[in-house]
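Understanding the architecture of this molecule
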Amino acid sequence: MAKTFLVVAEARGGKLRQVSFEALRAAQLSAAEGDHINAVVIGGSGIKALAAELAAYGADSIYVVEASALDSYSSEAYLSALLAVTAVAQPGAIYFGHTAIGRDLAPLVAAKLAAGQISDVTAIERSGDAVQFTRPLYAGKAVEKKAFTNPNDTWVVTIRPNNIAASEPDASRQAAVADVAYPAPSLRSIVREVVKKTSGTIDLAEAKIVVSGGRGVRSADGFQPLEELAAVLGGAVGASRGACDAGYCEYAMQIGQTGKVVTPEIYIACGISGAIQHLAGMSSSRVIIAINKDAEAPIFKVADYGIVGDLFEVVPLLTEEFRQLLK
Ligand code: FAD
């Protein structure tokens, strides 16, 4: 029986997030010939304009739920919007990005639809009828391979950003776009205002390069050389909990077990010791560069490249070198 995949696209600042295209690719990797790959985009006015881009990345048809009540994310409102779409689309699989929204919404939908869920997937292999999902465990020290027991059950899957490469977009692809009315349920709570805590324009979870600071930066001003390096490299700035607890930066920047999980191509850890809870958020990065003045710091055990030295000397030198190289 053909399966219909529904990819829940996410938008921010009027643009689709890269993980939406990665989730579309994940659905393609899971699908058999004859399966349908659809997408849904939910949001405030103007959201429909993003549908064409989902078509370019492989969606066969796109559902749009557009309502001013959906301007800001709220679990209840988005859940009711998504359930209105699943009632029409009857998906056999629903794919989300493993983002703050995906992590919130996916289990709610799974519970409502009595579906099984596999979260934080980093790779998908299909062989015959069997689809195998890989996900990291224990801060990336082990991987688990999972499968749904019944291909005909409804699957809910979340995809870790930056792991499954999106397909090349094809702007000539067309897809049917269908509006689904927002059911406008009476909500128990509403979002009054969203206050952005970080000033960076690059989303930490999706950044290809992350420059992170730990307690070794010593002050809020100590982040400045890291911000300069990140700006030259087109990356985002993150932090250890040590730096956040010390008040050097916002908790929105925290990476680790109780912060964000990042998987950039390059992770540059500056003045971070490498506690297990920090590694939980960054050890799957493709290349890890550590700068620490203590040669025995545990971060060097996971680093591909280590620089033993004072970050206040090393980071400006790197920034200057990259500035010249990237001119
Ligand atoms: P430190 O361990 O103090 O390390 C500072 C490092 O900077 C040292 O290695 C030092 O040699 C180096 N340094 C100092 N000055 C310089 C300099 N001038 N140049 C170069 N190097 C220098 N931590 C997280 O990061 N994320 C989490 O999500 C998280 N969750 C946690 C959850 C729980 C339940 C618990 C118990 C802890 C959690 N932690 C988390 C805290 C974690 O255990 C560590 O305390 C924290 O990661 C340490 O931060 P740090 O490496 O910045 O500081």
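Residues numbered from 1 in each chain as written. Predicted model: local features only at pLDDT ≥ 70, side-chain atom pairs only at ≥ 80, totals over all residues. Heavy atoms only, no water.

Let's shift gears to the sheet that holds strand E10 (residues 142-146). Reading across the sheet, the 3 strands line up as E8-E9-E10 and stay open at both edges, with antiparallel pairing between neighbours. The two strands at the open ends of the sheet, each matched to only one other strand, are strand E8 (123-127) and E10. For this sheet, the mean angle separating the axes of adjacent strands, direction not counted, is 25 degrees. Relative to E10, strand E9 (residues 130-137) runs antiparallel, the two being bridged by 5 bridges. Bridge pairing in E10 links Leu 137 to Ala 142. Those strands touched by helix H1 (residues 18-30) are E8 and E9, and its axis lies near 20 degrees from that of E8. (Pairing = 2+ DSSP bridges. Helix = DSSP H or I, 4+ residues; strand = E, 2+ residues; numbered from the N terminus. Axes fitted to C-alpha atoms, helices over the stretch in contact; angles between N-to-C directions. Contact = heavy atoms within 4.5 Å.)

So, about the domain arrangement of the protein. Reports of interface size often rely on the accessible area that becomes lost once the parts have come together. Per the domain assignment, the segments making up the protein are domain 1 (4-179) and domain 2 (209-326). Computed over C-alpha atoms only, the centres of domain 1 and domain 2 are separated by 31 Å. Counting residues at the interface gives 7 residues for domain 1, matched by 9 residues for domain 2. Regarding the contact of domain 1 and domain 2, the summed buried area is about 620 Å², with carbon and sulfur atoms giving 43% of it. The largest per-residue losses of area from domain 1 upon contact with domain 2 belong to Ala 139, Arg 160 and Asn 162, which jointly make up 66% of the total buried on that side. Our count for the contact surface shared by domain 1 and domain 2 stands at 0 salt bridges. Linking domain 1 with domain 2 are 3 residue pairs in polar contact (both at pLDDT 80 or more), by the criterion used here. By residue class, the composition of the side of domain 1 that touches domain 2 is 2 nonpolar, 3 polar and 2 charged. (Domains from an automatic or database assignment. Buried area = accessible area lost by both parts, 1.4 Å probe. Salt bridge = Lys/Arg side-chain N within 4 Å of Asp/Glu carboxyl O. Polar contact = N/O pair within 3.5 Å; in protein donor to acceptor, adjacent residues only side chain to side chain. Nonpolar A, V, L, I, M, F, W, Y, C, P; charged D, E, K, R; others polar.)

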